[in-house]
Amino acid sequence: MTTDSRPPQDCEITYTAMRAAFVSTLDSLLRYALDPDTASESSSGFMSCFPMLNGMAPQIQMECLLRTWQRLAASTDAPVLLDELVVYAALESLAGVTSEKQSASLRVVLNGPRVISAEPEHWLHSKTRCMQIAGPTPRQTVFLRELQQIEDPCPWLESEMGSNWCENREELLDLVGCWVAQKDLILGSEGLLTKDEQDILRAFFEEHPGLAR
């Protein structure tokens, strides 16, 4: 499995990371279906790696993930800050799966619609971490610091982001307060999910219509 200079959607590790994020968030949705009360008591979904975003509903995380995937696939669209954070969190999901040697979870991640060039090897975890270190843009690096260190009440005041910084921050916090996802976006995703996975999502949201419209 290789990384290269091609667009993010064509990089095998980026694709695999997005798959890992999908599997993690789907698991959270299915746990919600089994027991809505206990599902909200613990961290869930791939964006929970950011303490500030830990309370984001799994269906909203799924929407963010698949929207970013669509934007990556549209080469004319420049990634926005949320896209960069989604990719970073997706890489964190893949790093977690590979470091904990969760062979069953990794098999599900790799059993996607795309045929990768080689079987996963020993260095997959290291390559994932390298992409996290090398990949962030300056604005993402500063924002990651805030998202991971929420004890600082105003860390953005010393940043170079200016007035847009608070606006970006508020947009992310608004997502934490959202509950109803965009059904068409989730069910219309292509290239990342298998047909069976799309059917699972469709059945889930038909059973829980209050989570997406």
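Residues numbered from 1 in each chain as written. Predicted model: local features only at pLDDT ≥ 70, side-chain atom pairs only at ≥ 80, totals over all residues. Heavy atoms only, no water.

**Student:** An account of the packing of aromatic side chains is requested, with residue identities and associated values reported.
**Tutor:** Applying the stated criterion across every chain, the model contains 4 aromatic pairs. For the ring pair Phe 204 and Phe 205, a centre distance of 5.1 Å and an interplane angle of 85° mean the geometry is edge-to-face. The exposure classification of Phe 204 matches that of Phe 205, with both residues buried. Geometry around Tyr 15 places Arg 114 over its ring, the cationic atom sitting 4.3 Å from the centre. (Phe/Tyr/Trp six-rings, centres within 6.5 Å; stacked < 30°, edge-to-face > 60°. Buried < 20%, exposed > 50% of the residue type's maximum accessible area, 1.4 Å probe, protein only. Lys NZ or Arg CZ within 6 Å of the ring centre and 35° of its normal.)

**Student:** Give me the lowdown on the nonpolar core, citing residues and values where you can.
**Tutor:** By size, the foremost hydrophobic cluster in this structure holds 53 residues, and its most contacted members are Phe 50 and Leu 201. Mapped by element, the contributors of at least two residues to this core are helix 1 (12-34), helix 3 (58-73), helix 4 (81-99), helix 7 (138-148), helix 8 (163-177), helix 9 (183-187) and helix 10 (195-207). The element contributing the most residues to this core is helix 1, with 11 residues. Apart from the residues lying within four places of it in its own chain, the contact partners of Leu 201 are Phe 22, Leu 26, Leu 29, Met 62, Ile 186, Leu 187 and Leu 193. (Core = buried A, V, L, I, M, F, W, Y, C linked by side-chain atoms within 4.5 Å. Helix = DSSP H or I, 4+ residues; strand = E, 2+ residues; numbered from the N terminus. Contact = heavy atoms within 4.5 Å.)

**Student:** Hey, could you go over the environment of Leu 91 for me, with residue numbers and the actual values?
**Tutor:** Within the secondary structure layout, Leu 91 lies in helix 4. Leu 91 gets classed as buried once you look at its relative accessible area, which sits at 3%. For the pair Leu 91 and Met 18, spaced 73 residues apart in sequence, the C-alpha separation works out to 7.4 Å.

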